[in-house]
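What the coordinates show
The primary structure of each chain is shown beneath.
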Amino acid sequence: MEHKDQPNTESRRRFIKNASLASGALVLPSLGTNAMVNVFNEKKLKIALVGCGGRGTGAANQALEADDHVELVAMADLFEDQLSSSYGHLYEKYKDTGKINVKDKHKFVGFDGFKKAIDLADVVILTTPPGFRPYHFAYAIENDKHVFMEKPVATDAPGIRKVLETAKLAEQKKLNVVVGLQRHYQENYIKVNSLIKGGELGKILSGQVYWNSSGVWVRPRKPEQSELEYQMRNWYYFNWICGDHILEQHIHNIDVANWFIGEYPVSAQGMGGRMVRKGPDHGEIFDHHFVEFTYPSGAVIASQCRHQPNTMYRVGEAFQLTNGRVDTHDAGVAKIYDLDGKEIQSIGNSKGHNPYQQEHNELFASIRNNAVINDAYNGAKSTMTAIMGRMATYSGKVIGWEEALASDLQLMPEELSWDSPTPTRPDENGNYPVPVPGQAKVL
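Residues numbered from 1 in each chain as written. Predicted model: local features only at pLDDT ≥ 70, side-chain atom pairs only at ≥ 80, totals over all residues. Heavy atoms only, no water.

1. What about the pattern of salt bridges?
The tally for this structure, following the rule as stated, stands at 15 salt bridges. Put simply, Asp112 and Lys116 hold a salt bridge, and the shortest N to O gap is 3.9 Å. Judged by relative accessible area, Asp112 falls into the partly exposed class, the value being 43%. For the salt bridge of Arg161 with Asp408, the shortest nitrogen-to-oxygen distance reads 3.2 Å. On the criterion of sequence distance, the pair formed by Arg161 in helix H6 (residues 157-173) and Asp408 in the segment after helix H13 (401-405) is long-range, its members being 247 residues apart. Relative accessible area serves as the criterion here: at 27%, Arg161 is assigned to the partly exposed category. Judged by its relative accessible area of 65%, Asp408 falls in the exposed class. Here the salt bridges do not stand alone but share partners, grouping Asp81, Glu229 and Arg233 into one network. (Salt bridge = Lys/Arg side-chain N within 4 Å of Asp/Glu carboxyl O. Buried < 20%, exposed > 50% of the residue type's maximum accessible area, 1.4 Å probe, protein only. Helix = DSSP H or I, 4+ residues; strand = E, 2+ residues; numbered from the N terminus.)

2. A short note on the UniProt feature "domain: GFO/IDH/MocA-like oxidoreductase" (unreviewed entry) in the chain
The UniProt record annotates "domain: GFO/IDH/MocA-like oxidoreductase" (unreviewed entry) at residues 190-305. Secondary structure across residues 190-305 comprises 27% helix and 26% strand; the distance between its end C-alpha atoms is 24 Å. (UniProt positions renumbered as here; feature names shortened; annotations may be inferred.)

3. So, the environment of Leu175
Looking at the element boundaries, Leu175 is found in the loop between H6 and strand E6 (177-179). In this structure Leu175 comes out as buried when scored by relative accessible area, which is 7%. When the C-alpha atoms of Leu175 and Val436 are compared, they prove to be 42 Å apart, with 261 residues separating the residues in sequence. Setting aside residues no more than four positions away along its own chain, Leu175 makes contact with Ile141, Asp144, Lys145, His146, Ala170, Val372 and Ile373. (Contact = heavy atoms within 4.5 Å.)

4. Observations concerning the packing of aromatic side chains
Considering all chains together, one arrives at 17 aromatic pairs under this definition. Ring geometry for Tyr189 versus Phe260: centroids 6.3 Å apart, planes at 40 degrees, classification tilted. With Tyr189 in helix H7 (residues 187-198) and Phe260 in helix H10 (residues 251-261), the pair connects residues that are 71 residues apart, well separated along the chain. Looking at Lys107, its charged tip hangs above the ring of Tyr87, at a distance of 3.6 Å from the centre. The side chain of Arg325 reaches across the aromatic face of Tyr337, ending 4.0 Å from its centre. (Phe/Tyr/Trp six-rings, centres within 6.5 Å; stacked < 30°, edge-to-face > 60°. Lys NZ or Arg CZ within 6 Å of the ring centre and 35° of its normal.)

5. Quick word on the sheet that holds strand E8 (residues 267-273)
The strands making up a sheet are joined through hydrogen bonds of the backbone, oriented either antiparallel or parallel. Spatially, E14-E13-E12-E11-E7-E10-E9-E8-E15 is the arrangement adopted by the 9 strands of the open sheet, whose pairing is mixed. Because the sheet does not close on itself, it has two edges, and the strands there are strand E14 (343-347) and strand E15 (399-400). With 3 bridges connecting them, strand E12 (residues 324-329) and strand E13 (residues 334-337) associate as antiparallel partners. Its bridge partner being in E13, Val326 is matched across the sheet by Ile336. Across the face of the sheet, H10 comes into contact with strand E7 (204-213), strand E9 (288-294), strand E10 (300-307), strand E11 (314-321) and E12 while running at roughly 165 degrees to E7. Contacting E8, E9 and E15, helix H12 (residues 376-395) runs over the sheet at an angle of about 55 degrees to E8. (Pairing = 2+ DSSP bridges. Axes fitted to C-alpha atoms, helices over the stretch in contact; angles between N-to-C directions.)

6. As for H6
Between its first and last C-alpha atoms H6 spans 24 Å; for 17 residues at 1.5 Å apiece the expected length is 24 Å, and the two agree. All of the buried residues in H6 are Ala157, Pro158, Gly159, Ile160, Val163, Leu164, Thr166, Ala167 and Ala170. Elements that come into contact with the buried residues of H6 comprise helix H5 (133-142), strand E5 (146-149), E6, H12 and H13. A distance of 2.8 Å separates the backbone nitrogen of Gly159 from a side-chain oxygen at the start of H6, and that oxygen is part of Asp156. Lys174, located one to two residues past H6, shows a positive phi value of around 60 degrees. (Expected span 1.5 Å × (residues − 1). Polar contact = N/O pair within 3.5 Å; in protein donor to acceptor, adjacent residues only side chain to side chain.)

7. Focus on the UniProt feature "domain: Gfo/Idh/MocA-like oxidoreductase N-terminal" (unreviewed entry) in the chain
If you check UniProt for "domain: Gfo/Idh/MocA-like oxidoreductase N-terminal" (unreviewed entry), the listed places come out as residues 45-171 in our numbering. Measuring from the first to the last C-alpha atom of residues 45-171 gives 20 Å, for a span that is 47% helix and 20% strand.

8. Description of the sheet that holds strand E3 (residues 107-109)
A sheet is described by the order of its strands in space; here 6 strands give the open sequence E3-E2-E1-E4-E5-E6, paired in parallel fashion. Where the open sheet ends on each side, the last strands, each with one partner, are E3 and E6. The sheet shows a mean angle of 15 degrees between the axes of neighbouring strands, taken without regard to direction. Direction of pairing for strand E2 (residues 70-77) relative to E3: parallel, over a ladder of 3 bridges. Within E3, the residue paired with Asp77 across the bridge is Val109. In the packing of H5 onto the sheet, contacts are made with strand E1 (45-50), strand E4 (123-126), E5 and E6, and the angle to E5 comes to roughly 165 degrees.

9. A look at the pairing of E14
Strand direction decides the pairing type here: E13 and E14, joined by 4 bridges, are antiparallel. Its bridge partner lying in E14, Ile336 is registered against Gln345. The antiparallel hairpin formed by E13 and E14 contains 5 residues in its connecting segment, where Gly341 sits at a positive phi of about 85 degrees.

As structure tokens, then:
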């Protein structure tokens, strides 16, 4: 079990600790479907899906693939069309397997549907927009459910504190919690982390982490939509429910820095703004961020993320150590270099290895073996790291870890209904307030 003050490390039991640097060998335990069935018992584990968008449908598919003795019994979403689409995709694939058993009365639409779905399950998949995560996670753990939840796990510091409290309860109840920071379940990242922790490469002095891309979808406003429905449909562009792309996407790369260094940063300072995404269609978030994170060890990580078309694409990480350099990439090989820039090792993934599938394989294997995985502490602290970065870029000030975590600025309401006002409101021209460095309130 991971301790709450430690980032995920090789202690996950996912590989042999004495993997050889020379051979590059990596041995993972066998977590195939047949190995999991009957390890602990033959109970058919019931799954509930809360959040039926594309990521939720994908996660449900991976959960159904992870174990032979599972069935999807409940689904919940704010929107009936999303739930129906997700159900249709899953039913078509699994209709002949007996793994889809969602009765019409167990398809829940609305803000309170998550509770009804969770009540019917043994294992819960939480894949709504991240603002909801702290409250859905708390309800699931309070009701003794194992959880897979997507990153990030909150959009504000009060939400993070709630997740950390719930993580303690999950630990006490010996419930499994896997967070969708899937690089922790990816072979080449696991191996590089092992080499760093083993000391062969020395100490991380500095690094660069990137999520630079052209951006994501925009969903046009429809005349019949209320303001709340419009923002919920376009959740990516509103901080109360998304947290900006430094949090929603770039958390992956920031989390890798935390993991490899073995610490969480003590402070952040940076800059950002909107150069390309402007106007009502893009809500209130920035289209670029640059942050320097400083760690207790003295390491400094330069973090950059960008959503601008026709610019350099890069998603990955680079680290400079006392004995060499490491480059990692989510879709490619990791490369190790010596101090002279000579490549000394290349680390890939096994054929067919899929970290998105692996995290579900390990979740269900742990349940079957009466073991415990608890990713919630690291999920919360890496989420908090990205939130601290957003605070730094929005304010233009140096933000410390303790003051950031203690902030009482709550972006996400604990309860919502279709009659609720939106936390962010447009002006008379339909434009949303955009944070201004030097003026923005972030704490």
